[in-house]
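What the coordinates show
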Amino acid sequence: MNNLLIKNGRIIDPANGRDEKGDVFISKGKITPRPDGGAFETIDASGLIVAPGLIDIHVHLREPGQSHKETIATGTRAAAAGGFTSIVAMPNTSPAADSAATITWIRERAKQQACINVFCTGAITKGLQGEELAPFGSLAAAGVVALTDDGRCIQNHEVMRRAVEYARMFGLPVMDHCQDYSLVGGGVMHEGEWSLRLGLPGWPRMGEEMIVARNIMLAELCQSPIHCQHISSGGSVRLLREARSRGVPVSGEVCPHHIALTDASLKTFDTNFKMNPPLRAEEDVEAILEGIADGTLSILCSDHAPHASYEKEVEFDQAPFGITGLETEFAVFCDILVHKRKVISLGRLIELFTAEPAKLLHLDRGTLSEGAPGDVTLIDPELAWTFDKERSVSLSHNTPFDNHTWKGRAVATIVSGKIVWQAAK
Amino acid sequence: MKTWTRKDLIGLDELSAEEIQFLLDTATAFKGVGERSLKKVPALRGKTLVNFFVEPSTRTRTSFEIAAMRLSADVVNITATASSLQKGETLKDTAMNLQALHADIIVLRHSSAGSPKFLADRLDSCIINAGDGSHEHPTQGLLDIFTMRQKHGRIAGLHVVIVGDILFSRVARSNIHGLVKLGARVTLVGPTTLVPKGFEKLGVRVVHRLDDVLGDADVINLLRIQHERQRKEYFPGLGEYVSLFGLTKARAERLKPDCLIMHPGPINRGVEIDSDVADGARSVILEQVSNGIAVRMAVLYLCAGGAGLPT
């Protein structure tokens, strides 16, 4: 374990309501008060923000089974290069993470190969089939932090109801990819003017809103939390706002592409703009920004979904959904939310990446409290930075953000007092 | 407009009015070639054209083949079943192989919208869209507009009524883009499920009662309707479709005397169009087919870099 002194930074620690100039000490991997002596490696944070290590609760690491897209080693390197000290891996691997054995394999692999903290989710249903419940008890014992069938959505409301009820016994939050299959059908992009123009099958907003509404009702019925993943529709934001105002335990998350891009981007049929849920219209972007501003949407994440170039370089309707995002998400959010649209303060941005996800999934992270793990991210909120996908450390380069420039970037990532990544000067 | 700079024809949405006019004018020049006894010019001699049809077609493929032969190009036909797509090769790899075989022009028919654009972005060969999913069928749109211009002498100010399954029709989209750019008034007619209001954003009018627009049409273009294999949730059945949207004899009588009756084929006699009406004096369905050759000659000639108009 490392001893590290982070000097002269502006410490923003929303969990403790701190925003002040100062030094942060990490001793034996934990945040520690100013020590009397001892040798500390020093990092100069003058002009930088010193924040608790950023957390992304929606990442596809692709191992086991899809290591041609990403591995735990490369995915966590990409996360570190985006400023993340902790990520939550989705269970739609091959085999699906629906057993203690697979969870244990992932955690062991992460211990050996990950440069940051990897938390696991377990599947809600066996094989993500939406039918039989996975063994939540043994998944909990194996260390999962939440349950989700992400990539798929349980269509049978009775199955989902029992899942939410049963999960409550283990204190495990349930997260849901909200998609009604009967309404979405073969939809590959937002249903609107652009889908009509391009002749591509539409994925209507209502396909998401139906399941968000269902989840609100189930959370209310079961009095147990449901987290709605990657919200894309303005209607979903309104549903969540109303439910949260009544104290229903539901929450929602936002991906950077859903506020940075719209369905008009698909006019070139570039599959790097194809993801699920799809890019929507300007009015959805505005509704999501309002939802972030008023706290309706309390989680920011990437839905980092790497695919090999030969998988993405096919006919549009046949290409898999998903884009990479770990390396770019903080910059996109900082640029849009803090600088361009001034939706939230820098402090709130950091809270959305730290204290909020830690609270949602009961992680002992996202804070610079004394004794907490020494996970720290250094941020330069004014730095202009251009992303070059050829320099990405992810195994896959399926990004819509190649050559985009944003203001604000994580510049160093520290895990348990060890500097695992620093931006090239 | 003096020159044509595109190597590909993907759709009419991306063309300017001037480019469309230039294509139509070039087609007019080529139409004369087909009426000679020696129907061949050396414009594309030494060029190789591959008809790459991943989705079945007879009319369009044959039309491209004849057009290419009249321009003295060498033609190879490939269908999906005979291609290595069946063996799991990707579209990109198959197309790269065609390019490596020195295909100067690839005419692509594919069920996935955007496939011609996908190839055009990656290959040096000329890519001609012969219909991609529900996106566009630009040569069909051009030949429809060419036929309208030939018969009415103009496009600007014409009222063109397009009837049928607009939502899934690439022919409708190419017609809409071309006609709107050239100043025609376009009305779409069909069931609310197949002609959503959203189409109005493309600059057209959307109505759901054919009887309301019959008397005011200069052109009525009937699209093929499919029901047995698909669209079951979009309308209850062909009988109801015919009663609401079929061009029956009674409806045809209410058309203006000079109203053109068009259909991109293949027609369903007794469904979207009455059999006698399809064969009647105002029907230009077969002229559309003939004009297709001249239009495709113009497209191939311009995209493949022919120099100078035929005399």
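That block above? That's the structure.
So, here is what we can say about the structure in this document. (Residues numbered from 1 in each chain as written. Chains lettered and ligands numbered in written order. Predicted model: local features only at pLDDT ≥ 70, side-chain atom pairs only at ≥ 80, totals over all residues. Heavy atoms only, no water.)

**As for the overall build of chain B**
From N to C terminus, chain B includes 10 helices and nine strands. Relative to the globule expectation of 19 Å for 311 residues, the C-alpha radius of gyration of chain B, 19 Å, shows essentially globular dimensions. Within chain B, the proportion of its 311 residues that are buried is 56%. When contacts within chain B are restricted to residue pairs at least 6 apart in sequence, those whose partners lie at least 24 apart make up 72%. (Helix = DSSP H or I, 4+ residues; strand = E, 2+ residues; numbered from the N terminus. Rg over C-alpha atoms; globule rule 2.2 N^0.38 Å. Buried < 20%, exposed > 50% of the residue type's maximum accessible area, 1.4 Å probe, protein only. Contact = heavy atoms within 4.5 Å.)

**Some words on the overall build of chain A**
A count of helical and extended segments in chain A gives 14 helices and 18 strands. At 20 Å, chain A has a C-alpha radius of gyration in line with the 22 Å of a compact globule built from 425 residues. Viewed in the frame of its principal axes, chain A has a C-alpha envelope of about 65 × 45 × 45 Å. In the form shown here, chain A has an accessible surface area of approximately 15200 Å², with 49% of it arising from carbon and sulfur atoms. Of note, chain A has its 41 positive side-chain charges centred 4 Å away from the centre of its 53 negative side-chain charges. (Areas by Shrake-Rupley, 256 points an atom, 1.4 Å probe, with all protein chains shown as cover. Lys, Arg positive; Asp, Glu negative; His and termini not counted. Charge placed at Lys NZ, Arg CZ, Asp CG, Glu CD.)

**Points about a nonpolar patch on the surface**
Together, L183, M206 and M210 of chain A make up a nonpolar patch on the protein surface, roughly 240 Å² of accessible area in all. Judged by its relative accessible area of 38%, M210 of chain A falls in the partly exposed class. (Patch = residues over 30% accessible without salt bridge, like charges linked within 9 Å, V, L, I, M, F, W, Y side chains within 5 Å. Salt bridge = Lys/Arg side-chain N within 4 Å of Asp/Glu carboxyl O.)

**Focus on the interface of chain B and chain A**
If you look at the interface, chain B gives 23 residues, while chain A gives 15 residues. Summed over both partners, the interface of chain B with chain A buries about 1500 Å², with 57% contributed by carbon and sulfur atoms. At the junction of chain B and chain A, the tally comes to three salt bridges. A salt bridge links D13 of chain B to R197 of chain A; the shortest N-O distance between them is 3.1 Å. At the junction of chain B and chain A, the tally comes to seven residue pairs in polar contact (both at pLDDT 80 or more). (Buried area = accessible area lost by both parts, 1.4 Å probe. Polar contact = N/O pair within 3.5 Å; in protein donor to acceptor, adjacent residues only side chain to side chain.)

**What to know about the environment of S233 of chain A**
All names here are of chain A. One can find S233 in the loop between strand 13 (226-228) and helix 8 (234-245). Take S233: its relative accessible area is 0%, and that puts it in the buried class. With near-sequence residues (within four places) excluded, S233 lies in contact with R205, E208, E209, R280 and D284.

**A look at the packing of helix 1 (residues 72-81) of chain A against helix 2 (residues 100-113) of chain A**
All names here are of chain A. Taken N-terminus to C-terminus, the directions of helix 1 and helix 2 make an angle of 60 degrees; their axes are 9 Å apart at the nearest point. By crossing handedness, the relation of helix 1 to helix 2 is classed as right-handed. On helix 2, the residues touching I72, A73 and T76 of helix 1 are I106, R109, A110 and Q113. Each residue belonging to the contact of helix 1 with helix 2 can be placed in one class, and the counts come to four nonpolar, two polar and one charged. (Axes fitted to C-alpha atoms, helices over the stretch in contact; angles between N-to-C directions. Left-handed = near helix turned anticlockwise from the far one by under 90°. Nonpolar A, V, L, I, M, F, W, Y, C, P; charged D, E, K, R; others polar.)

**Quick look at the sheet that holds strand 8 (residues 117-122) of chain A**
Residue and element names in this part refer to chain A. Pairing in this open sheet of eight strands is parallel, and the strands run 6-7-8-9-10-13-14-15 from one edge to the other. Looking along the sheet, the strands with just one partner apiece sit at the ends: strand 6 (54-59) and strand 15 (299-300). Across three bridges, strand 13 lies against strand 14 (residues 250-254) in parallel orientation. Across the sheet, I226 pairs through a bridge with V250, a residue of strand 14. (Pairing = 2+ DSSP bridges.)

**Some remarks on the sheet that holds strand 3 (residues 105-110) of chain B**
Sheet strands line up and pair through hydrogen bonds in the backbone, either parallel or antiparallel. Residue and element names in this part refer to chain B. In space, the four strands of this open sheet follow the order 2-1-3-4, with parallel pairing throughout. Unpaired on one side and paired on the other, strand 2 (74-79) and strand 4 (126-132) mark the two borders of the sheet. Put simply, the sheet's adjacent strands are angled 15 degrees from each other on average, direction ignored. Along the sheet face, helix 3 (residues 91-100) touches strand 1 (48-53), strand 2 and strand 3 and points at about 160 degrees away from the line of strand 1.

**Focus on the side chain of T76 of chain A**
Residues and elements named next belong to chain A. Looking at where T76 falls in the secondary structure, it is placed in helix 1. Among the residues examined, T76 registers a relative accessible area of 0% and is labelled buried. A distance of 3.1 Å separates the side chain of T76 from the backbone oxygen of A73, its partner in a polar contact. A polar atom in the side chain of T76 sits 3.4 Å from the backbone nitrogen of C115. Ignoring any residue separated from it by four or fewer positions in sequence, one finds T76 in contact with L61, T71, I87, Q113, A114, C115, I116 and V118.

**Re the nonpolar core**
Grouped together as the largest cluster of nonpolar side chains are 116 residues, with contacts concentrated most on I6, I292, L337, L349 and L378 of chain A. Other than its neighbours up to four places away in sequence, I6 of chain A contacts G22, D23, V24, I26, I43, A45, V50, V376, L378 and I414 of chain A. In this structure, A73, L188, V195 and V299 of chain B belong to the second largest nonpolar core, which totals 65 residues. (Core = buried A, V, L, I, M, F, W, Y, C linked by side-chain atoms within 4.5 Å.)

**Let's talk about the packing of aromatic side chains**
Residues and elements named next belong to chain A. In this structure the tally under the stated criterion is 14 aromatic pairs over all chains. Centroid distance Y166 to F170: 5.4 Å. Interplanar angle 70 degrees. Geometry classified as edge-to-face. In this structure an aromatic cluster arises from ring pairing among F84, F330, F333 and F353. When the ring centre of W194 is taken as origin, the NZ or CZ atom of R197, which lies over that ring, is 5.5 Å away. (Phe/Tyr/Trp six-rings, centres within 6.5 Å; stacked < 30°, edge-to-face > 60°. Lys NZ or Arg CZ within 6 Å of the ring centre and 35° of its normal.)

**Comments concerning unusual backbone geometry**
With an omega of 5 degrees, the peptide bond between E63 of chain A and P64 of chain A qualifies as cis. Here P64 of chain A shows up in the loop between strand 6 and helix 1.

**Concerning the pattern of salt bridges**
Residues and elements named next belong to chain A. What the rule picks out here adds up to 45 salt bridges over all chains. Residue D19 pairs with R10 through a salt bridge whose shortest N-O separation is 2.9 Å. Connected through shared salt-bridge partners, E158, R161, R162 and E165 make up one network.

**Quick look at the pairing of strand 6 of chain A**
All names here are of chain A. When you tally the buried positions in strand 6, you get six out of six residues, the bulk of the element. Here four bridges tie strand 6 to strand 7 (residues 84-89), and the two strands are oriented parallel to one another. Its bridge partner lying in strand 7, V59 is registered against A89. Regarding the hand of the β-α-β motif, the stretch spanning strand 6, helix 1 and strand 7 is right-handed. (Right-handed = clockwise from strand over helix to strand, strands pointing away.)

**Section: the packing of helix 7 (residues 205-222) of chain A against helix 8 of chain A**
All names here are of chain A. For the pair helix 7 and helix 8, interaxial distance at closest approach is 9 Å and the crossing angle is 10 degrees. By the angle between their directions, the pair helix 7 and helix 8 is classed as roughly parallel. The two elements helix 7 and helix 8 meet at a crossing, and its hand is right-handed. In this structure, helix 7 contributes E208, E209, V212, A213 and I216 to the contact, and helix 8 contributes G235, S236, L239, L240 and A243. Split by residue class, the contact of helix 7 with helix 8 holds six nonpolar, two polar and two charged. (Parallel < 35°, antiparallel > 145°, perpendicular 65-115°, else oblique.)

**Description of the pairing of strand 8 (residues 219-222) of chain B**
Residues and elements named next belong to chain B. Burial along strand 8 is two-sided: the residues V219 and N221 and I220 and L222 are all buried. Where strand 5 (residues 159-163) lies against strand 8, four bridges are found, and the strand directions are parallel. Across the sheet, residue V160 finds its bridge partner in strand 8, namely V219. Bridge analysis of strand 8 against strand 9 (residues 260-262) gives three bridges, and the strand direction is parallel. Paired with N221 across the two strands is M262, which belongs to strand 9.

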